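# Geometric and topological summary
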Protein chains: 2
Amino acid sequence: MDPFSAKIQPGVPTIVNVDLGNRSYPIYIGSGLLNKPELLQRHVHGKKVLIVTNTTVAPLYLDKVVDALTSGNPNVSVESVILPDGEQYKDMDTLMKVFDKAIESRLDRRCTFVALGGGVIGDMCGFAAASFLRGVNFIQIPTTVMAQVDSSVGGKTGINHPLGKNLIGAFYQPQCVLIDTDTLDTLPERELASGFAEVIKYGLIRDTEFFEWQEKNMQALMARDPNALAYAIKRSCENKAEVVSLDEREGGVRATLNLGHTFGHAIETSVGYGQWLHGEAVAAGTVMAVDMSYRLGWIDDSIVKRVSDVLKQTKLPIVPPEMMTVDMFKSVMAVDKKVADGLLRLILLKGPLGNCVFTGDYDRKALDDTLQAFCKS
Amino acid sequence: MDPFSAKIQPGVPTIVNVDLGNRSYPIYIGSGLLNKPELLQRHVHGKKVLIVTNTTVAPLYLDKVVDALTSGNPNVSVESVILPDGEQYKDMDTLMKVFDKAIESRLDRRCTFVALGGGVIGDMCGFAAASFLRGVNFIQIPTTVMAQVDSSVGGKTGINHPLGKNLIGAFYQPQCVLIDTDTLDTLPERELASGFAEVIKYGLIRDTEFFEWQEKNMQALMARDPNALAYAIKRSCENKAEVVSLDEREGGVRATLNLGHTFGHAIETSVGYGQWLHGEAVAAGTVMAVDMSYRLGWIDDSIVKRVSDVLKQTKLPIVPPEMMTVDMFKSVMAVDKKVADGLLRLILLKGPLGNCVFTGDYDRKALDDTLQAFCKS
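Residues numbered from 1 in each chain as written. Chains lettered and ligands numbered in written order. Predicted model: local features only at pLDDT ≥ 70, side-chain atom pairs only at ≥ 80, totals over all residues. Heavy atoms only, no water.

Let us now look at the overall build of chain A. Secondary structure assignment for chain A yields 13 helices and 13 strands. Relative to the 2.2 N^0.38 estimate, which gives 21 Å for 377 residues, the radius of gyration of chain A is 20 Å and therefore close to what a compact globule would have. A buried classification covers 64% of the 377 residues belonging to chain A. Here the analysis covers contacts within chain A between residues at least 6 apart in sequence; of these, 75% occur between residues at least 24 apart. Carbon and sulfur atoms make up 49% of the accessible area of chain A, which amounts to about 13300 Å² in all. Both charge centroids of chain A, one from 39 positive and one from 45 negative side chains, sit 3 Å from each other. (Helix = DSSP H or I, 4+ residues; strand = E, 2+ residues; numbered from the N terminus. Rg over C-alpha atoms; globule rule 2.2 N^0.38 Å. Buried < 20%, exposed > 50% of the residue type's maximum accessible area, 1.4 Å probe, protein only. Contact = heavy atoms within 4.5 Å. Areas by Shrake-Rupley, 256 points an atom, 1.4 Å probe, with all protein chains shown as cover. Lys, Arg positive; Asp, Glu negative; His and termini not counted. Charge placed at Lys NZ, Arg CZ, Asp CG, Glu CD.)

Here you go:
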């Protein structure tokens, strides 16, 4: 496990493959990759491209991506649609703006949609690509840690419903994921930390060595050390790609990637989409899942402490917002996608660090106790 | 080709299989099938069902379907959502009502959606099933000729956009299609005829014998002769199943099922969704496609006459509405899903009866001449 194996060489991508038969695709990771038009262009079929981005990212990177798509490639025409920024716009009304633009631009089935932005943009653009003309090509260009380490890989796309996150969507794989780590230079610190919640998740559920590396290198990550970031992104993508390859449609093991997410989604939905960043809610949710695992006697207290310690280094929240009540948690968790025949299944840690289970077979009292411990009412 | 091979025996289904590997499913065709709970129940997994239907069909068949789902099966709970009836409601706002109901009813990934109605209900319920929690099971119970011979089979789902039909959707296969031909007893005559446009289509594009049978039996079909209807439905489903098995995602041959549809969609979109029934627009569109094929010298005039004659027996329109202009046709046809890199591909007849091509390689003048011949301006 040599972090320097991912040492930055501008313009030279590290490639992680997502192995899904005829839906396989590469993840390109590196610095300066948006200056390499051939990387993107080899995945664009047809003559028309629609870039889906937001008001924050467009001024920073839209021109650069248009250049990468069109440089030396005059036959391609590029349109763009710029959505408002934030989880609160990950809804059907905003999605319709993508369809409106695609239809006005006379895009046909051979077009390619490009998601340029964070997780919200990637999820919405992906769902739009899955649904426009019953499916067109798409490419992910994630510009946040959250999207680079997690949401842009694996084909989960969708939008929120007022009653719950990501309840409407599709499994739909991109043609490629292009991660230019230089785009993190402009990422606000709060967004940076948010992404680390998912990085920590991989360590906890399946990669002890990676977790230990994070314990030693979280300060470097927070300081945006390029080599540390490149390593964390690559290692996260390797974990994500492996899990997705085993279980594309979340029949089993893929659900473990949702450690802390059931609690986290309840927070995001209850406080109002966009108030807490996804990773902030996942961080608090992870602490709750770890607490519950400990109450069940499935992990020892050293793990509880190590999780808390590494999260403190990220400055992510480790408790839910004060306004959350036990009933709020229960009401949103009841519509979680992991409920099966009325039974809420959760991802919980069990055994030595790096091991988890996805199960509905747990003592309800432990869940109640955790909720009561983290809520004032 | 013995029509009596499909002679009605109440409660005994004829089965046509749609062969799509692990997405294969049966089409059950027959009289009294809604009185056979075991047919439906074997395709319901999980404990919750959501029936999607409309204000016209619900009073007629909703109770019957609820009974079929629950009879001897007390563990299953059934919810229903009743949408307004008509193509004009095949939109995102109406689709959201399905999601609202599904979420309020706490449905989870093991639930089953049941489409009970015509093509609009089937398309919307199917797209809702494809998108709810990124995909749940669904069953088609088509109650119109249109849906029984065409739209319920093959997994095309979706909704309309104000600028064009079926522009947003998914390829998503049902668990089964259950066609109880008794439901046609309550079908208005205009809807009955509308479905025959698709029946005629199968004959024209790939099944000469079937077309010849229709020429002899159209009066029996219009008179709702049960054996004639059962035969036409079975033969249509066989044709549809074969084409879909060859080309699920419309990379090629499946497009031929859209004979007349590009002209037809332009009519439906221009006059306003719901003004003309789908089959009415397809009938006029078929005459236009046949006219264009003749202008190109690809078919002889006897075919033109036979198409016109058989359609006249159905009382379906054989010209577009008077308000349609050449520009209206061109503007909607420009966003057709069969446009590729700016080129509109059409399904046209070529050669002896029963043969067609899907091509963008035709003389533009023939298209212009056809549009001008059928439009006043």
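What follows covers the packing of aromatic side chains. Overall, the coordinates contain 12 aromatic pairs over all chains when judged by the stated rule. Members of the aromatic cluster, each reached through a chain of ring pairs, are Phe210, Trp213 and Tyr231 of chain A. Its end group placed over the ring of Trp298 of chain A, Lys350 of chain A keeps NZ or CZ at 4.1 Å from the ring centre. Above the plane of the ring of Tyr362 of chain B lies Arg364 of chain B, whose end atom (NZ or CZ) is 3.9 Å from the centre. (Phe/Tyr/Trp six-rings, centres within 6.5 Å; stacked < 30°, edge-to-face > 60°. Lys NZ or Arg CZ within 6 Å of the ring centre and 35° of its normal.)

Residue and element names in this part refer to chain A. Of the two faces of strand E12 (residues 346-349), the one holding Leu346 and Leu348 and the one holding Ile347 and Leu349 are both buried throughout. In terms of strand pairing, E12 meets strand E13 (residues 356-359) through 4 bridges, oriented antiparallel. In the sheet register, Leu346 faces E13, and the bridge partner there is Thr359. In sequence, E12 turns back onto E13 through a hairpin of 6 residues, with Gly351 there showing a positive phi of about 95°. (Pairing = 2+ DSSP bridges.)

To continue, consider the UniProt feature "domain: 3-dehydroquinate synthase C-terminal" (unreviewed entry) in chain A. Mapped onto the present numbering, the UniProt feature "domain: 3-dehydroquinate synthase C-terminal" (unreviewed entry) falls on residues 195-339 of chain A. Between the C-alpha atoms that bound residues 195-339 of chain A there is a distance of 26 Å. The span itself is 68% helix and 1% strand. (UniProt positions renumbered as here; feature names shortened; annotations may be inferred.)

Our focus in this paragraph is the pattern of salt bridges. Under the definition given, this model contains 48 salt bridges over all chains. Between Glu250 of chain B and Arg109 of chain A there is a salt bridge, with the nearest N and O atoms lying 3.2 Å from each other. Residue Glu250 of chain B is located in the loop between helix H8 (226-246) and helix H9 (261-271), and its partner Arg109 of chain A is located in the loop between helix H3 (92-104) and strand E5 (112-117); the two belong to separate chains. Within this structure, Glu87, Lys90, Asp123, Lys165 and Glu268 of chain A form a network of salt bridges that share partners. (Salt bridge = Lys/Arg side-chain N within 4 Å of Asp/Glu carboxyl O.)

Here we come to the interface of chain A and chain B. Listed as interface residues are 40 residues of chain A and, on the opposing side, 40 residues of chain B. Together, the buried faces of chain A and chain B total about 3700 Å²; carbon and sulfur atoms form 56% of this surface. Of all residues in chain A, Arg109, Arg134 and Asp341 of chain A bury the most surface against chain B, accounting for 22% of the area lost on that side. Taken together, the connections running from chain A to chain B amount to 2 salt bridges. The interface formed by chain A and chain B contains 11 residue pairs in polar contact (both at pLDDT 80 or more). (Buried area = accessible area lost by both parts, 1.4 Å probe. Polar contact = N/O pair within 3.5 Å; in protein donor to acceptor, adjacent residues only side chain to side chain.)

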